[in-house]
Amino acid sequence: MSVVAATAIKKNFLTALKEALIEEMERNPDMLCIGEDIGILGGAFGVTEGLQERFGTQRVIDAPISEAAIVGSAVGMSLNGKTVMVEMQFIDFISCGFDQIVNMLATYHYRTAGEVDMGVVIRGPAGGYGGGALYHSQMNEAWFAHSPGLKVVCPSTPSDAKGLMKTALRDRNPVLFYEVKQLYRDTTIAEVLPEGEHLVPFGQAAIRRAGEDVTLVTYGQNVYHCLKAADVLADQGVHAEVIDLRTLVPLDEATILESLAKTHRLVVVNEAPMTCGFAGEVVARISDRGFELLDAPPVRVTRKDTPVPWAKPLELHVLPSVEQIVAACHRVVRF
Amino acid sequence: MITMAWSFVVTPNGAATDNPAPSGSTQVLSPRPSERLTSEEKREMLRQLYLARYFDVRLIKEKKKGRLTGTLYSSHNQEAIIVGSLFALEPTDWISPIHRDMPAFFMKDMRGGWDRPGRMSMSVEEVCCQVWGKVGSPGRARDNWSHIGSREKRIIHSTSMLAGTIPVAAGVVYADRLNGGNAVVLTYNGEGSTAQGIFHEAVNFAAVHKLPVITIIENNQWAYGTPTELEYSLPDFARRADGYGIPGLVADGQDVLDVYDKVMQAVEHARAGHGPSIVECKTFRAYGHGDHDDDRAAKYRPRDEVEEGRSRDPIAVAKRRLREQGVISAEEAEQFMAEGKGAGEAKDADFPPEVVAYLKRGVDYAIKSGLPPAEEGSMWVFREDHS
């Protein structure tokens, strides 16, 4: 096999994340990883598999089950010069470390008037559609987008997962990194990763599909629901543009406004509950900055304001669907 | 309730007894590290007790005169904990003080001189600027009272979430160890915060990783308006240490030498790589939770309990012990009679002149300093120039 062929192998989302962690651990001797079962086991999903063997128990730390102590100690390590990757075994468990994130980590730079910066990335598997039930299905990104001082990232492709993770690990601001666990081993989205140093900047949305009639703004797993909806809509003569935000904080308003200058219609999709969800924030920002661009009231497609239930019919009943996205697009187009 | 708490560690004349050996499996290195202190060092401890007390007295007076706004959290009657524990540290060690330890922010690394260049501490001017909410505060007055810190001076920034800095302290010394350092960290906590989950989670984390984290519990018998019997059900927190497999020590929090002995034992234990300890310092909160609470505290706390709790002033206890050891003369013990006096009664003449002058410097500086410019309110949410 030639060298070219060997590097042209398609890689899945999980492998891309692991490559990012390994490359940054190699590049930065002051980087540490900490979490539950991330060392000996290699993580519940295997994102950190092999890291402890490679970098040792001092740098890849198996912590007792305490999200609060894990985040708090990562804050201390960062205070003393380290960059720390914190794994939440499931992003649902992040609530156990909530105080340390929003009151300790997020505010550190602010309350020290810039004396201290925090190189802490908190990452973990997130999202529904997998039968994970109430405590293994959450998307709770809005809690943290609402807490000043935190950046919030949610990639949808393997190459973004790698490039955004590497950017996160070099950012001296705390980053919440939402990984769609349903995508970890999804072979249909596996791709050849860019060669060399691959960094994806924060605050730059990606246009996943171009269209003139309606703008679909989304992120994470819902990117694929929106792309499917766009296929359905195209057959019906409606051309949707699909924007993948990639990062919620910072938010790329410019790309959305440019799209709306063309489509004049906005549908925002996220799988978190509607009330105070990030879709609402996008709608509000666009109403502030681009109201005159809109020919129809913007529409949100989100989870119902419920927890995520277990049994399949229940789960699908509350989470946003392709059909709902299609219907929402028709609604704004026909307005 | 308080009588039971005292009886464990203190004889009726106020001298510390030999405590039982600390629980946990590890041998204590020196039973009485204070025996190695020179007479001059012991006199310095007494001087620092006056300094910590005068800080408190002066701020209360300033507020009564209307020259200061904001809530004061008095450390009156708890100064032996601050002075005795800080005396056990090296300059490169870290501390994590809370609201009841305000003098610690400028008294760290003071053993070798109050104005030594390069002292690993904030200046009294900076701390006074913080109290007055002026721009010269280390945190540029972005958060109030004790919510300051300094990475450079190795003081962890406190927040209102009590016990929440213990995991941060653990992370700091974890990193220090990787950096090749040998620093320990002292975290200060009220007994009230021991009911928080993070207290347990962080001490357990430190114990598992054998981190040099010394958790001081300033047991002043009251968590705001809640007495100890409604806070915990153990006679001593030393027993709680058993649950983590680490040493637990109990100190007479009114006796600066006993605090020094117990904290120094914990420091030596940590420095030798044996990991964390809990040091409970039994004391009594002299006033309300904050000065806003003084009037109500006078009602919710029985008068005889307050009188008993304040009956062993740390300055008086130190004088007695230093007198017994022949460190100070009878005449010296009669000088500067600040002990037993509240802020209303204490006069500048009750304190050594250098103490009064030192604080005056800080207060004058703070009063003359400016407020932060309004636009700073929206600055430093994010670090913009990340690389």
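Please refer to the structure higher up on the page.
Everything numeric here is computed off the predicted structure, so don't read it as measured data.

Right, let's get into empty space enclosed by the protein. All names here are of chain B. For the structure on display, the rule yields 5 cavities of 30 Å³ or more. Here the largest cavity is characterised by a volume of approximately 60 Å³. As for the largest cavity, its lining consists of F55, D56, L59, I60, L72, Y73, S74, S75, M102, P103 and W145. Within the lining of the largest cavity, the residues separate by chemical class into 8 nonpolar, 2 polar and 1 charged.

Residues and elements named next belong to chain A. For helix 13 (residues 322-334), with 13 residues, the first-to-last C-alpha span of 18 Å sits near the 18 Å given by 1.5 Å per residue. By the burial criterion, the buried members of helix 13 are V322, I325, V326, A328, C329, H330 and V332. On its buried face, helix 13 is in contact with strand 8 (214-218), helix 9 (222-235), strand 11 (266-273) and strand 12 (299-303).

Turning our eyes to something else, we now look at the packing of helix 6 (residues 166-178) of chain B against helix 7 (residues 197-208) of chain B. Residue and element names in this part refer to chain B. Two elements in contact, helix 6 and helix 7, have axes separated by 8 Å at closest approach and are oriented at 20°. Viewed along their axes, helix 6 and helix 7 adopt a mutual orientation that is roughly parallel. As helix 6 packs across helix 7, the resulting crossing turns out to be left-handed. Touching I166, P167 and A170 of helix 6 are I198, F199, A202, V203, F205 and A206, all from helix 7. When the residues that make up the contact of helix 6 with helix 7 are grouped by side-chain class, the tally is 9 nonpolar, no polar and no charged.

The next point concerns the sheet that holds strand 1 (residues 94-96) of chain B. Residue and element names in this part refer to chain B. Sheet architecture is open: 5 strands sit in the order 1-2-3-7-6, paired in parallel fashion. Whereas interior strands pair on both sides, the edge strands pair on one side only; in this sheet they are strand 1 and strand 6 (248-252). For this sheet, the mean angle separating the axes of adjacent strands, direction not counted, is 20°. When strand 3 (residues 213-219) meets strand 7 (residues 277-282), the two strands line up parallel, connected through 6 bridges. Within strand 7, the position partnered with T215 by the bridge is I278. Strand contacts of helix 3 (residues 79-86): strand 1, strand 2 (185-190), strand 3 and strand 7, with the helix running at about 170° to strand 2, the strand carrying the most contacts.

To continue, consider the sheet that holds strand 4 (residues 120-126) of chain A. Residue and element names in this part refer to chain A. The 7 strands lie next to each other as 2-1-3-4-6-5-10, forming an open sheet whose pairing is mixed. Each having just a single partner strand, strand 2 (60-62) and strand 10 (247-249) make up the two edges of the open sheet. Put simply, the sheet's adjacent strands are angled 20° from each other on average, direction ignored. Where strand 1 (residues 31-35) lies against strand 2, 3 bridges are found, and the strand directions are parallel. Its bridge partner being in strand 2, C33 is matched across the sheet by V60.

A few words on the packing of aromatic side chains. By convention here, two paired aromatic rings are described through the distance between centres and the angle between planes. For the structure on display, the rule yields 17 aromatic pairs over all chains. Each ring, one from Y50(B) and one from F351(B), has its centre 6.1 Å from the other, and the planes form 80°; the classification is edge-to-face. Linking Y50(B) in helix 2 (residues 39-64) with F351(B) in the loop between helix 13 (330-334) and helix 14 (353-368), this pair joins segments that are 301 residues apart in sequence. The pair Y50(B) / F351(B) is uniform in exposure class, with both members buried. Seen in terms of ring centroids, W114(B) and Y358(B) are 5.1 Å apart; in terms of plane orientation they differ by 70°. Their pairing is edge-to-face. Placement of the pair is W114(B) in the loop between helix 4 (104-107) and helix 5 (124-132) and Y358(B) in helix 14, with a sequence separation of 244 residues. Each of the two residues, W114(B) as well as Y358(B), counts as buried. For R111(A), the ring lying beneath its charged end belongs to Y108(A), and the centroid distance is 4.2 Å.

The next subject is the nonpolar core. Among the nonpolar cores identified, the biggest contains 85 residues, and V86(A), I101(A), I122(A) and L245(A) are the most heavily contacted of them. Counting 78 residues, the second largest nonpolar core, distinct from the first, contains L51(B), L72(B), A270(B) and L322(B).

Before going further, it helps to examine the environment of Y129(A). All names here are of chain A. Note on placement: Y129 falls in the loop between strand 4 and helix 7 (141-145). Along the primary structure Y129 and Q182 are separated by 53 residues, whereas in three dimensions their C-alpha atoms are 7.6 Å apart. Sequence-distant contacts of Y129, that is, excluding residues within four places in its chain, are made with Q182, Q221, N222, H225, E271, K312, E315, L316, L319 and P320. Among the polar contacts listed, one links the side chain of Y129 to the side chain of N222, at a separation of 3.2 Å. Within the local environment of Y129, its side chain forms a polar contact with the backbone oxygen of P320, the two atoms lying 2.6 Å apart.

Conventions and cut-offs
Residues numbered from 1 in each chain as written. Chains lettered and ligands numbered in written order. Predicted model: local features only at pLDDT ≥ 70, side-chain atom pairs only at ≥ 80, totals over all residues. Heavy atoms only, no water. 1 Å grid on protein atoms, 1.4 Å probe; cavity = no way out; pocket = protein on both sides within 12 Å on 5 of 7 lines; lining within 4 Å. Points joined across faces, edges and corners; volume = space filled by probe spheres on them. Nonpolar A, V, L, I, M, F, W, Y, C, P; charged D, E, K, R; others polar. Helix = DSSP H or I, 4+ residues; strand = E, 2+ residues; numbered from the N terminus. Expected span 1.5 Å × (residues − 1). Buried < 20%, exposed > 50% of the residue type's maximum accessible area, 1.4 Å probe, protein only. Contact = heavy atoms within 4.5 Å. Axes fitted to C-alpha atoms, helices over the stretch in contact; angles between N-to-C directions. Parallel < 35°, antiparallel > 145°, perpendicular 65-115°, else oblique. Left-handed = near helix turned anticlockwise from the far one by under 90°. Pairing = 2+ DSSP bridges. Phe/Tyr/Trp six-rings, centres within 6.5 Å; stacked < 30°, edge-to-face > 60°. Lys NZ or Arg CZ within 6 Å of the ring centre and 35° of its normal. Core = buried A, V, L, I, M, F, W, Y, C linked by side-chain atoms within 4.5 Å. Polar contact = N/O pair within 3.5 Å; in protein donor to acceptor, adjacent residues only side chain to side chain.

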